[in-house]
Amino acid sequence: MKMSECNGQIKCDFYGCTHLAKYSFSTKGFLKRELNFCDDCMKEMFECFSKACIPKPVEAPFKRKTKKETK
Ligand SMILES: [Zn+2]
């Protein structure tokens, strides 16, 4: 997936959004055409993404075993 800034007069692809797109995603055939997003929608998307992909702290996600296993 490739993202580029578009300078054309393309409308943002988000439903209900009337802004002009600032960014353009090329999906190389995954979708039939490029996706275009404006600055605001991009930020909103990014917030959603960052919620979905929470950067894991160094110690997480596996708790270290504090007790030695006894057999
Ligand atoms: Zn938009």
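Structural data are supplied above this passage.
Not measured: the values here are computed from a predicted model. (Residues numbered from 1 in each chain as written. Predicted model: local features only at pLDDT ≥ 70, side-chain atom pairs only at ≥ 80, totals over all residues.)

Some points on the overall build of the protein chain
Each helix and strand in the protein chain was counted, giving one helix and three strands. Going from N to C terminus, the protein chain has its helices and strands arranged as β-β-β-α. The proportion of buried residues among the 71 residues of the protein chain is 7%. A sequence separation of at least 24 residues applies to 23% of the contacts in the protein chain between residues at least 6 apart. (Helix = DSSP H or I, 4+ residues; strand = E, 2+ residues; numbered from the N terminus. Buried ≥ 20, exposed ≤ 12 C-beta atoms within 10 Å, placed from the backbone. Contact = placed C-beta atoms within 7 Å.)

A look at the environment of Ser-4
Within the secondary structure, Ser-4 sits in strand 1 (residues 2-5). You can call Ser-4 exposed: it has 10 C-beta atoms within 10 Å. Residues Ser-4 and Asn-36 lie 32 residues apart in sequence; the distance between their C-alpha atoms is 9.6 Å.

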